[in-house]
Number of protein chains: 2
Amino acid sequence: MIKFYDLVGADHARPYSPHCWKVKMALAHKGLPYELVPTTFLGIREVEGGNATKTLPFIVDGDNKVTDSFQIALYLDAAYGDRPTLFDGEAGIALSRFIERWALTTLHPFMVSAVVQDIWARQDEENQAYFRESREKALGRKLEEIVADRDARRDAFLKTLEPLRQTLGYQDWIGGKEPLFADYIVFGALQWPRIMSTFETIPEGDPIHGWFERCLDLHEGLGRTIPAAA
Amino acid sequence: MIKFYDLVGADHARPYSPHCWKVKMALAHKGLPYELVPTTFLGIREVEGGNATKTLPFIVDGDNKVTDSFQIALYLDAAYGDRPTLFDGEAGIALSRFIERWALTTLHPFMVSAVVQDIWARQDEENQAYFRESREKALGRKLEEIVADRDARRDAFLKTLEPLRQTLGYQDWIGGKEPLFADYIVFGALQWPRIMSTFETIPEGDPIHGWFERCLDLHEGLGRTIPAAA
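Residues numbered from 1 in each chain as written. Chains lettered and ligands numbered in written order. Predicted model: local features only at pLDDT ≥ 70, side-chain atom pairs only at ≥ 80, totals over all residues. Heavy atoms only, no water.

As annotated in an unreviewed UniProt entry, chain A is Glutathione S-transferase from Limoniibacter endophyticus.

Right, dumping it as structure tokens:
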């Protein structure tokens with residue numbers, strides 16, 4: 001059975017990583033069973049006996065070890081070609097890469113800037129120390145300063161989602177009539193703040209909110225098995 | 001033979017519309033011959049005897065009349081399924097829609113704001129009057145005011161192209177190993193200022209510049225048959 005190392009904070013029952021959620025949805029999409037291994041930031045160095053990966057998600061499937069959510073999706077689609085596709089062919093792979101880069105450069109920076117302190121708050125003490133030091137070094141400011149003006153910045157952020165909003169005016173899913181990995185890429189970026197913060201990223205009434213709710217319903221409500229942060 | 005109504009300015013030998021260029025590349029991609037009908041803004045009302053379309057591109061293929069570049073690409077792929085595909089399947093269509101909405105909300109507003117006065121300058125007198133009045137009404141300012149700070153705004157614009165730039169770090173074409181309609185969507189948005197303005201939109205050295213040059217080489221250098229504005 002596939003072993004799936006999934007990022008968690010202090011509560012091991014609340015996995016939250018955007019990249020791990022992409023993989024969790026991909027595994028469900030393909031109907032593949034797996035053994036979940038909850039792993040904290042500091043636990044990553046111990047994965048598979050050590051030095052196996054520097055980041056999560058990470059999967060072990062027999063002799064195959066794969067890191068990076070997009071690589072894992074590619075691996076699953078190739079290795080389990082008889083199950084529902086995540087990409088629907090070569091063009092689907094190529095264009096999903098654009099969606100990934102769009103999500104990483106548009107959604108992720110705002111999400112970090114809005115909920116990084118909430119993510120810190122939901123780590124255990126040891127991981128809090130690691131997280132604060134590494135993130136404040138990378139982002140150049142105190143976590144509290146980074147998130148301070150998140151409400152004021154939200155409208156400008158929501159405007160940058162216009163390509164997604166308009167796309168959903170043409171079709172129910174980013175992938176078209178049915179969800180594909182492209183949907184899970186963006187889903188992960190919204191599931192992450194939903195689980196770790198009470199900050200509202202996408203307001204009700206926004207078509208993107210409606211699409212996200214549909215994503216939460218997928219695969220027998222997999223996304224809802226972790227309640228929103230309270 | 002397909003009749004293709006293509007937008008031109010004062011020089012009927014220099015078609016420039018981003019949306020018409022998407023269609024021109026799509027027709028070449030599919031290897032379809034066509035009769036080109038150069039049409040000015042004010043000429044649109046006369047297309048096919050009048051009241052046929054409010055916008056270009058517009059094609060007539062036997063009994064089929066199709067407007068809107070994306071609809072035309074869908075039509076061509078369905079009607080000529082034995083020729084090279086523009087979308088590579090349903091996911092390709094759905095994800096190309098995202099590329100279209102991204103281009104329209106990211107590339108097009110900057111291009112308009114940078115070269116709208118140059119587009120005006122390259123119309124005949126009658127079309128200049130129409131273009132200035134309609135565009136100044138829509139944009140709320142004088143054309144000269146709109147373009148005034150285009151140099152100062154370029155760096156911020158170039159940053160918004162990061163998803164495309166990063167995608168081209170993974171693959172030669174937006175469509176993957178070979179160009180697809182998704183490439184032509186973005187190509188049109190860059191070919192437009194290339195033909196109508198001496199303003200440099202994408203600097204040499206940018207991976208997007210390299211990709212655009214490759215696009216200009218496609219289909220026996222179709223994009224280069226119209227020299228850059230001088």
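There is more to say after this.
Student: Which residues make up the packing of aromatic side chains, and what values go with them?
Tutor: Within this structure, the stated rule accounts for 25 aromatic pairs over all chains. Judged by centre distance (5.7 Å) and plane angle (45°), the ring pair of Phe41 of chain A and Tyr130 of chain A falls under tilted. With Phe41 of chain A in the loop between strand E2 (34-39) and strand E3 (58-61) and Tyr130 of chain A in helix H4 (residues 125-139), this residue pair connects regions lying 89 residues apart in the sequence. Ring plane angle 45° and centroid distance 6.3 Å describe the contact between Phe110 of chain A and Phe199 of chain A, whose orientation is recorded as tilted. Of this pair, Phe110 of chain A sits in helix H3 (residues 90-121) while Phe199 of chain A sits in the loop between helix H8 (181-196) and helix H9 (207-221), and the two are 89 residues apart along the sequence. Site record: aromatic cluster; members linked through ring pairs are Phe98 and Trp102 of chain A together with Phe98 and Trp102 of chain B. When the ring centre of Tyr170 of chain B is taken as origin, the NZ or CZ atom of Arg97 of chain A, which lies over that ring, is 3.6 Å away. (Phe/Tyr/Trp six-rings, centres within 6.5 Å; stacked < 30°, edge-to-face > 60°. Helix = DSSP H or I, 4+ residues; strand = E, 2+ residues; numbered from the N terminus. Lys NZ or Arg CZ within 6 Å of the ring centre and 35° of its normal.)

Student: With reference to specific residues and values, describe the environment of Ser17 of chain B.
Tutor: Residues and elements named next belong to chain B. Within the fold, Ser17 resides in the loop between strand E1 (2-7) and helix H1 (18-29). Relative accessible area serves as the criterion here: at 4%, Ser17 is assigned to the buried category. Sequence separation of Ser17 and Asp6 is eleven residues, and the distance between their C-alpha atoms is 7.7 Å. Reaching out from Ser17, the side chain makes a polar contact with the backbone nitrogen of His19 at a distance of 3.2 Å. (Buried < 20%, exposed > 50% of the residue type's maximum accessible area, 1.4 Å probe, protein only. Polar contact = N/O pair within 3.5 Å; in protein donor to acceptor, adjacent residues only side chain to side chain.)

Student: If you had to explain unusual backbone geometry to someone new, which residues and values would you point to?
Tutor: Residue and element names in this part refer to chain A. Residue Leu56 is joined to Pro57 through a cis peptide bond whose omega torsion reads 5°. Checked against the element boundaries, Pro57 lands in the loop between E2 and E3. Even without a glycine there, the phi angle at Asn51 is positive, about 60°. Mapping Asn51 onto the fold places it in the loop between E2 and E3. The exposure class of Asn51 is exposed, given its relative accessible area of 82%. You will see that Glu220, though not glycine, has its phi angle at about 60°, which is positive.

Student: Residues and numbers for the pairing of strand E4 (residues 64-67) of chain B, please.
Tutor: Pairing of strand E3 (residues 58-61) of chain B with E4 of chain B involves four bridges; the strand directions are antiparallel. Across the sheet, Phe58 of chain B pairs through a bridge with Thr67 of chain B, a residue of E4 of chain B. (Pairing = 2+ DSSP bridges.)

Student: Just give me the short version of the sheet that holds strand E1 (residues 2-7) of chain A, but keep the residues and values in it.
Tutor: Residues and elements named next belong to chain A. Strand order in the open sheet formed by four strands is E2-E1-E3-E4, and the pairing between neighbours is mixed. Each edge of the sheet is formed by a strand with only one pairing partner; in this case those strands are E2 and strand E4 (64-67). Strand-to-strand twist in this sheet, taken as the mean axis angle between neighbours without regard to direction, amounts to 15°. Note: E1 against E3, three bridges, orientation antiparallel. Looking across to E3, one finds that Phe4 is bridged to Ile59. Strands in contact with helix H1 (residues 18-29) are E1, E2 and E3; relative to E1, the strand with the most contacts, it is inclined by about 150°. Taken strand by strand, helix H2 (residues 69-79) contacts E1, E3 and E4, and its axis lies near 140° from that of E4. (Axes fitted to C-alpha atoms, helices over the stretch in contact; angles between N-to-C directions. Contact = heavy atoms within 4.5 Å.)

Student: Give me the UniProt feature "domain: GST N-terminal" (unreviewed entry) in chain A: which residues, what numbers.
Tutor: Mapped onto the present numbering, the UniProt feature "domain: GST N-terminal" (unreviewed entry) falls on residues 7-84 of chain A. Strand forms 19% of residues 7-84 of chain A and helix 29%; the C-alpha atoms that close the span are 26 Å apart. (UniProt positions renumbered as here; feature names shortened; annotations may be inferred.)

Student: An account of the relation of the copies chain B and chain A is needed here, citing residue identities and associated values.
Tutor: Note on the copies: chain B fits chain A at an RMSD of 0.0 Å, the axial shift is 0.0 Å, and the rotation between them is 180°. When the rotation and shift are considered jointly, the pair of chain copies conforms to a two-fold rotation axis. Ranked by how close their C-alpha atoms come to the rotation axis, the residues of chain B are headed by Gly92 of chain B, at 2.7 Å. (Least-squares fit on C-alpha atoms with pLDDT ≥ 70 in both.)

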